Amino acid sequence: MVDDDRMWQLSGLHQFQVVRCTVTGHRGRFGVEVSVAGQKTDIPAFIDFVMLSDGVDHPTPADFPAIGSVLDAVTLDFMPGGELRLSARPSSLGRQEESEPEA
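Residues numbered from 1 in each chain as written. Predicted model: local features only at pLDDT ≥ 70, side-chain atom pairs only at ≥ 80, totals over all residues. Heavy atoms only, no water.

**Here we look at the pattern of salt bridges**
Two side chains of opposite charge can pair, provided their charged atoms sit close to one another.
(1) Moving on: By the definition in use, this model includes four salt bridges.
(2) Moving on: Aspartate 72 is the salt-bridge partner of arginine 20, the closest N and O atoms lying 2.8 Å from each other. One end of the pair, arginine 20, is in strand β1 (residues 18-26); the other, aspartate 72, is in strand β4 (residues 70-78), and 52 residues separate them in sequence.
(3) Moving on: Classification of arginine 20 by relative accessible area gives partly exposed; the value is 47%.
(4) Moving on: In this structure aspartate 72 comes out as partly exposed when scored by relative accessible area, which is 30%.
(5) Moving on: Of the charged contacts in the structure, one is a salt bridge between glutamate 83 and arginine 27, with a shortest N-O distance of 2.6 Å. With a gap of 56 residues between them, glutamate 83 in the loop between β4 and β5 (84-87) and arginine 27 in the loop between β1 and β2 (31-36) connect regions that are remote in the sequence.
(6) Moving on: Since its relative accessible area comes to 28%, arginine 27 is described here as partly exposed. (Salt bridge = Lys/Arg side-chain N within 4 Å of Asp/Glu carboxyl O. Helix = DSSP H or I, 4+ residues; strand = E, 2+ residues; numbered from the N terminus. Buried < 20%, exposed > 50% of the residue type's maximum accessible area, 1.4 Å probe, protein only.)

Have a look at this one:
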């Protein structure tokens, strides 16, 4: 197993970075698989269904973005198997946009 610091280094990304990703698959009722733009290597990535919206009611598979949809998301962490976990919640994106310094 590779540690988190090494995974961030391999990916070319950093924690809590806003990234653009493309939905590549649905994982049953659990969420969507995505491909993240700007990665140095092809690391599997996933957005859990609870990280797709801020609503009180969690989205169901019928509500999931279609395969091929492009989303903005925030990098969260790496799971023990090396999969990158992201959040596409508007609140997560808003927090990161507020914390980024102005150019």
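After presenting the structure, the write-up continues.
**Focus on the packing of aromatic side chains**
Ring pairs (aromatic) are described by centroid distance and by the angle formed between their planes.
(1) Moving on: For the structure on display, the rule yields one aromatic pair.
(2) Moving on: When the ring of tryptophan 8 is compared with that of phenylalanine 78, the centres are 4.7 Å apart and the planes differ by 70°; the resulting orientation is edge-to-face. Placement of tryptophan 8 in helix α1 (residues 4-11) and of phenylalanine 78 in strand β4 is noted, with a sequence separation of 70 residues between them.
(3) Moving on: Under the relative-accessibility criterion, phenylalanine 78 is labelled buried at 6%. (Phe/Tyr/Trp six-rings, centres within 6.5 Å; stacked < 30°, edge-to-face > 60°.)

**Some thoughts on the environment of serine 69**
(1) Moving on: Residue placement: serine 69 occurs in the loop between β3 (45-48) and β4.
(2) Moving on: As a C-alpha pair, serine 69 and glycine 38 span 31 residues in sequence and 17 Å in three-dimensional space.
(3) Moving on: Leave out the neighbours within four places in its chain, and serine 69 touches Cys21, Thr22 and Val23.
(4) Moving on: There is a polar contact of 2.7 Å between the side chain of serine 69 and the backbone oxygen of alanine 66. (Contact = heavy atoms within 4.5 Å. Polar contact = N/O pair within 3.5 Å; in protein donor to acceptor, adjacent residues only side chain to side chain.)

**Observations concerning the pairing of β3**
Each regular strand carries side chains that alternate between the two faces of the sheet.
(1) Moving on: Both β2 and β3 contribute to a ladder of four bridges, which runs antiparallel. Bridge pairing in β3 places valine 34 opposite alanine 45.
(2) Moving on: Judged from the three bridges that link them, β3 and β5 form a sheet pairing that is parallel. Counterpart to alanine 45 in the pairing with β5 is leucine 84. (Pairing = 2+ DSSP bridges.)

**Quick word on the confidence of the model for the protein chain**
(1) Moving on: In the predicted model, the protein chain carries a mean pLDDT of 90, and 94% of its residues have values of at least 70.
(2) Moving on: Of all helices and strands in the protein chain, the one with the weakest mean pLDDT is helix α2 (residues 90-99) (86), whereas β5 scores best (97). (pLDDT = per-residue confidence, 0-100.)

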